Amino acid sequence: LGCLFTGLRWWALPHVTPDIRWSLQASIGLACAAVLASAALHFRRRSTAMPALLEPVHQHQARIPFIVFGLLFSIAAAPLSNYGDRQAQLLASAAWVIGIVLAVLAGWKRGQALPPIAWQTAAWITLLVVGAFLARGLSTGTVPAVLSGDEASVGLSALGFLEGKTGNLFGVGWHAFPSLYCFLQAVSISLLGMTTQALRLPSALAGALTVGAIYLMGRSMFGPRAGLLAACILMLSHVHIHYSRLGLNNV
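Predicted model, so just to flag it, every value in this text is computed and none were measured.

**Student:** Talk me through the nonpolar core; I want residue IDs and the actual numbers.
**Tutor:** It is characteristic of soluble globular proteins that their nonpolar side chains tend to be buried jointly. Of all hydrophobic cores here, the largest spans 20 residues; its most connected members are Phe5, Val16, Leu24, Phe69, Phe73 and Leu80. For this core, the element with the highest residue contribution is helix H4 (residues 64-82), accounting for 6 residues. Phe69 has contacts with Leu1, Gly2, Phe5, Ala31, Ala34, Val35 and Leu102, leaving out every residue within four places of it along the chain.

See the structure below:
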């Protein structure tokens, strides 16, 4: 992790403005210190008894590197995205994803398996999501009939990713909309072409997946019947279907 972090920061140095290069160099020093500290703790644990002060470290030693480097990678994303060129912004996105993965690993118990999902539950989720998508994802080029100016403006922000004008997932697009949604639209447009369907497809997918998530949440909180009823109500909700068919981030 230390080598990965150090390599990412050195790679980013030429791509950021000179006024923040000191922060990258300082964070590389922190990464090196973390590597040395972990090595020292490892060899001390093998050679002598662990001091009482370091006993909590000993108990959770498998998680500490993930916590430390998860924070470092997450913090690294900010200067790279705000004060660098497009290459630095791509590195910021990579650092952000790595930070999320390390945070999940930090909270994962050793030997813990994924919770089992009964086939009936999986079948209901599949039926609900597919049904919700059929109500949201078909004929999006003509329903709604009008491509609004707001949708078109957000679509132009999405094209900025495809045309190389931006690579910053943490900035904002048109009208201060978060640019991460525009990036998802850019992926859809790159696959399906510059069409209204491609512009609206991410919203349809988000709406359909939300129906499945509502089923799982209701099932967990109030039981299978409540989860199923909640999902069916949302799946057929006029308001939810409407916003799931717009190329906007509302849904």
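Additional details are given in the paragraphs that follow.
**Student:** An account of the packing of H4 against helix H5 (residues 86-106) is requested, with residue identities and associated values reported.
**Tutor:** It is the contact of H4 with H5, at a shortest axis distance of 7 Å, that shows an interaxial angle of 160 degrees. Accordingly, the angle class assigned to the pair H4 and H5 is roughly antiparallel. As H4 packs across H5, the resulting crossing turns out to be left-handed. Note on element contacts: H5 touches H4 through Ala88, Gln89, Leu91, Ala92, Ala95, Trp96, Ile98, Gly99, Leu102, Leu105 and Ala106, opposite Phe66, Ile67, Phe69, Gly70, Phe73, Ser74, Ala77, Leu80 and Ser81. Split by residue class, the contact of H4 with H5 holds 15 nonpolar, 5 polar and no charged.

**Student:** Any details on the environment of Pro18? Residues and values, ideally.
**Tutor:** With respect to the secondary-structure elements, Pro18 resides in the loop between helix H1 (2-12) and helix H2 (21-47). With relative accessibility at 62%, the residue Pro18 sits in the exposed group. Between the alpha carbons of Pro18 and Tyr83 there is a distance of 9.2 Å; along the sequence they are 65 residues apart.

The rules behind each value
- Residues numbered from 1 in each chain as written.
- Predicted model: local features only at pLDDT ≥ 70, side-chain atom pairs only at ≥ 80, totals over all residues.
- Heavy atoms only, no water.
- Core = buried A, V, L, I, M, F, W, Y, C linked by side-chain atoms within 4.5 Å.
- Buried < 20%, exposed > 50% of the residue type's maximum accessible area, 1.4 Å probe, protein only.
- Helix = DSSP H or I, 4+ residues; strand = E, 2+ residues; numbered from the N terminus.
- Contact = heavy atoms within 4.5 Å.
- Axes fitted to C-alpha atoms, helices over the stretch in contact; angles between N-to-C directions.
- Parallel < 35°, antiparallel > 145°, perpendicular 65-115°, else oblique.
- Left-handed = near helix turned anticlockwise from the far one by under 90°.
- Nonpolar A, V, L, I, M, F, W, Y, C, P; charged D, E, K, R; others polar.

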